[in-house]
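Given next are the chains, with one letter for each unit.
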Amino acid sequence: MLDLRNIVLTFNEGTPDEKKALQTINLHLAEGDFVTIIGSNGAGKSTMMNVISGNLMPDAGHVEIAGKEVVHLPEYKRSAYIGRVFQDPMAGTAPSMTIEENLAMAYARNKKRGLSAGVTKKRRELFVEYLKTLHLGLEDRLTAKVGLLSGGERQALSLLMATFTEPNILLLDEHTAALDPSRAELITKLTKEIVQKFGLTTLMVTHNMQQALDLGNRLIMMDKGQIIFEASGEEKAKLTIADLMAEFQRIRGTQFESDRAVLG
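Residues numbered from 1 in each chain as written. Predicted model: local features only at pLDDT ≥ 70, side-chain atom pairs only at ≥ 80, totals over all residues. Heavy atoms only, no water.

Explanation requested: the overall build of the protein chain in the structure shown.
Each helix and strand in the protein chain was counted, giving 10 helices and 10 strands. Reported as C-alpha extents along the three principal axes, the dimensions of the protein chain are approximately 60 × 40 × 35 Å. Counting only residues that meet the buried cut, the protein chain has 48% of its 264 residues in that class. Excluding contacts between residues fewer than 6 apart, the proportion of contacts in the protein chain whose partners are at least 24 apart in sequence is 69%. Of the roughly 12,700 Å² of accessible surface on the protein chain, 49% is carried by carbon and sulfur atoms. Of the side-chain charges in the protein chain, 31 are positive and 33 negative, and the distance between the mean point of each set is 6 Å. (Helix = DSSP H or I, 4+ residues; strand = E, 2+ residues; numbered from the N terminus. Buried < 20%, exposed > 50% of the residue type's maximum accessible area, 1.4 Å probe, protein only. Contact = heavy atoms within 4.5 Å. Areas by Shrake-Rupley, 256 points an atom, 1.4 Å probe, with all protein chains shown as cover. Lys, Arg positive; Asp, Glu negative; His and termini not counted. Charge placed at Lys NZ, Arg CZ, Asp CG, Glu CD.)

Please clarify how the pairing of strand 9 (residues 218-223) should be interpreted in this entry.
Along any regular strand the residues' side chains alternate between the sheet's two faces. Buried residues dominate strand 9, accounting for six of its six residues. Across four bridges, the pairing between strand 3 (residues 34-38) and strand 9 is parallel. Each residue of the ladder has a partner; that of Ile-37, found in strand 9, is Ile-220. Bridge count between strand 9 and strand 10 (residues 226-232): six bridges; the pairing is antiparallel. When the bridges of strand 10 are listed, Met-221 appears paired with Phe-229. Linking strand 9 to strand 10, which pair antiparallel, is a turn of two residues; within it Lys-224 sits at a positive phi near 50°. (Pairing = 2+ DSSP bridges.)

Is there a simple way to think about the pattern of salt bridges in this case?
When their charged atoms lie close together, side chains carrying opposite charge are able to pair. Tallying each qualifying case throughout the model produces 11 salt bridges. A salt bridge links Glu-18 to Lys-20; the nearest nitrogen and oxygen atoms lie 3.8 Å apart. Its relative accessible area of 37% is what places Glu-18 among the partly exposed residues. Its salt-bridge partner being Arg-141, residue Glu-153 comes within 3.5 Å of it at the nearest N-O pair. Placement of the pair is Glu-153 in helix 5 (residues 151-163) and Arg-141 in the loop between helix 4 (121-132) and helix 5, with a sequence separation of 12 residues. Within this structure, Asp-33, Arg-218 and Glu-230 form a network of salt bridges that share partners. (Salt bridge = Lys/Arg side-chain N within 4 Å of Asp/Glu carboxyl O.)

Any chance you could explain the sheet that holds strand 10 here in plain terms?
Pairing between the strands of a sheet comes from backbone hydrogen bonds, and it takes one of two forms, parallel or antiparallel. Taken together, six strands build an open sheet; the order of strands is 6-7-8-3-9-10 and the sheet is mixed. Where the open sheet ends on each side, the last strands, each with one partner, are strand 6 (82-85) and strand 10. Strand after strand, the sheet turns through a mean of 20° between neighbouring axes, direction not considered. (Axes fitted to C-alpha atoms, helices over the stretch in contact; angles between N-to-C directions.)

Whenever I open this one, the nonpolar core confuses me. Can you help?
A general trend in soluble globular proteins is that nonpolar side chains are found buried together. Of all hydrophobic cores here, the largest spans 35 residues; its most connected members are Ile-99, Leu-103, Leu-131, Leu-134, Leu-157, Leu-160 and Phe-164. Elements that contribute at least two residues to this core include exactly helix 3 (99-107), helix 4, helix 5, strand 7 (169-173) and helix 6 (181-198). In contact with Leu-134, other than residues within four places in its own chain, are Ala-156, Leu-157, Leu-160 and Leu-190. Ranked by size, the runner-up nonpolar core spans 27 residues in total, among them Ile-7, Leu-27, Ile-169 and Ile-220. (Core = buried A, V, L, I, M, F, W, Y, C linked by side-chain atoms within 4.5 Å.)

Whenever I open this one, the environment of Leu-160 confuses me. Can you help?
Along the chain, Leu-160 falls in helix 5. For the pair formed by Leu-160 and Leu-103, sequence separation is 57 residues and the distance between their alpha carbons is 8.4 Å. Setting aside anything within four residues of it in sequence, one finds Leu-160 in contact with Leu-103, Tyr-130, Leu-131 and Leu-134.

In short, shape yes, function no, at least from these values alone.
Okay, structure coming up:
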């Protein structure tokens, strides 16, 4: 479903601030894979997500989604294949629009556009059914402005908007990091349920090692623009945070620096 081959990206090349953001990244996701990504700040996690989404163009390499080369497609054209939830609950929704208007925009993402009404009776009934799965009562607030929702409610809505059209790839970029622990737990639970329900091929960046271990069938660790470790299946299921720390030290010869990743 997703192939990254020999992806290279350098920021500020040829200047004193040159940084090799991605160094020959190769990653293959089969349909239905749920891959969690960990790594310290500056490891290249979000940069890789931005290359997949089309927000950044690599210096070299190939990006294929469902067998289609998309590396030269702009971000707005790739949106037909990709659903994405960002760290900031404000980033995935339009605050001045209502819940049903936001859902209507997301619903049209992979459909032919026209001049017909965005919110119809049939679509409103569909939106109500999807919102009920969140168990937040949002189905009774269709005409409420999204800007009035709490951070957790907005993130839950963003997750629904990114997934209910069943995109080829779901990108989750630290989507629980800005929430308080109880809301983060709720969004984590919803993520697991929604990904399983639709069988979505998912790539999730997280600073929380325990979350990375608890979710998904594969885990990769990045550092300095490289994928340095990968585990899947039974091997991943047996891993602990201590194992990940030890693996990083074995590969890099130094300790993992992020307390946030260890403590969650």
